[in-house]
Each structure stands twice: as C-alpha cells, then as structure tokens.
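Next come the chains, spelled out residue by residue.
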Amino acid sequence: MFNFDRFEFRNVRPSEIDETAEIELLCFPENEACKREHMAERVKTAPETFLIAYDRINGKIAGFLTGLATEEESFRDEYFTDASLHDPRGKTVLLLGLDVRPEYRHHGLGSELMQRYIKRERGRGRSLLLLTCHSQLVGFYENLGFEDLGIGSSSWGGVRWHDMLRRLGD
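Residues numbered from 1 in each chain as written. Predicted model: local features only at pLDDT ≥ 70, side-chain atom pairs only at ≥ 80, totals over all residues. Heavy atoms only, no water.

## A short note on the overall build of the protein chain
Part 1 of the reasoning: Helix and strand counts for the protein chain come out as five helices and seven strands.
Part 2 of the reasoning: Secondary structure of the protein chain in N-to-C order comes out as β-α-α-β-β-α-β-α-β-α-β-β.
Part 3 of the reasoning: Since a compact globule built from 170 residues should have a radius of gyration of about 15 Å, the 15 Å found for the protein chain is in line with a globular shape.
Part 4 of the reasoning: If you line up the protein chain on its principal axes, its C-alpha atoms span 40 × 35 × 30 Å.
Part 5 of the reasoning: Burial statistics for the protein chain: of 170 residues in total, 54% are counted as buried.
Part 6 of the reasoning: When contacts within the protein chain are restricted to residue pairs at least 6 apart in sequence, long-range pairs at least 24 apart make up 66% of them.
Part 7 of the reasoning: Of the accessible surface of the protein chain, which amounts to about 8,200 Å², a share of 47% is contributed by carbon and sulfur atoms.
Part 8 of the reasoning: Positive and negative charge centroids in the protein chain, built from 23 and 29 side chains respectively, lie 5 Å apart. (Helix = DSSP H or I, 4+ residues; strand = E, 2+ residues; numbered from the N terminus. Rg over C-alpha atoms; globule rule 2.2 N^0.38 Å. Buried < 20%, exposed > 50% of the residue type's maximum accessible area, 1.4 Å probe, protein only. Contact = heavy atoms within 4.5 Å. Areas by Shrake-Rupley, 256 points an atom, 1.4 Å probe, with all protein chains shown as cover. Lys, Arg positive; Asp, Glu negative; His and termini not counted. Charge placed at Lys NZ, Arg CZ, Asp CG, Glu CD.)

Printed below as a string of structure tokens:
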C-alpha cells in the first residue's frame, strides 16, 4: 500500500492531454482505449470529471479516473467518443476509465481514486455512478459498492461488458 500523501489528487490540466492518452494506451488494448483526440475533448470539455493522482515524488500522473456527467441513467457507447454529451449539472456520472500505470498497480491506488471520486461526486450532489467493465473486474467494483447489473448493451471495442451501478445517496 502506498502512503497516499505522496499524491496530489486533483482535476486534469490541459497540459496533461498527451500523458493521459499515453496512460490510457498502457491500460487498455488499442480497440478499447480512448483515442487521443477523444481524450483531448474530454479534458477540454469536462476537466472537473477527471480525478488525477499525480505522484509528487516521480513528477508524473500515476493514475486517473474519468467520466462525463449526464441526466441519463443508462450507458451508451457514444459517451466514449462524444464529450459534447457532458452535462455539468447531470446527476449521473458515466465512468469511462479507471487507469493506473502498471508500476503503480496492486498498491490500492485504483481503489483510492474511486473512493475519493465517490466522495467528491456525492458532495457535488450527484446521485449515481455507472461504468462498464470486463467480467474479471466485477468483484473489484463490487468491493467498492457497485452493483453488477449483468452484461449490458455496450459493445465498445467489439467487446461485451458488465454494467455496474453505484448509488451515491445517503
């Protein structure tokens, strides 16, 4: 486990588009990864829906969580490629990626990012987080309070995904 004091947890900065796109390619196969141009649009349109873990010791982003807010309560693949669907007042956040550099994995950083994100978004008045994940990650997200809704309609990257839901109420 890391001492999380070494990290600065914050929104993404415009100067970090390339680094976040690079990390995305480390974390997902090319057919599933967010393309650089889509990452750039997310950063420009919705920087407040990113949570970056910046390593103060190594001077790089160790990981991040990103999503887009909406009033919708179901996941559509268009959110992966169209940041204009972001509604800053939306009560739901569709989580589009939890990315942790390989050298930072298995130290609790992904869970820490998610816990901080949940707390932050609850404080912003959001009521729901939705995400899609591979079958082998269902247990990880269940341990963070998400409910497995089973295989959803997403076919992003030519893959079938589990829909996961986390209510942010009291």
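## Quick look at the sheet that holds strand β3 (residues 60-70)
Part 1 of the reasoning: The sheet built from seven strands is open, its strands ordered β1-β2-β3-β4-β5-β7-β6 with mixed pairing. A single partner strand is all that each edge strand has here, and the edge strands are β1 (7-10) and β6 (147-151). Taking each pair of neighbouring strands and ignoring which way they run, the sheet shows an average axis angle of 20°.
Part 2 of the reasoning: Alignment of strand β4 (residues 92-100) against strand β5 (residues 128-133), held across four bridges, turns out to be parallel. By the bridge assignment, L95 is partnered in β5 with L131.
Part 3 of the reasoning: Lying over the sheet, helix α1 (residues 17-27) contacts β2 (51-55), β3 and β4, oriented at roughly 95° with respect to β3. (Pairing = 2+ DSSP bridges. Axes fitted to C-alpha atoms, helices over the stretch in contact; angles between N-to-C directions.)

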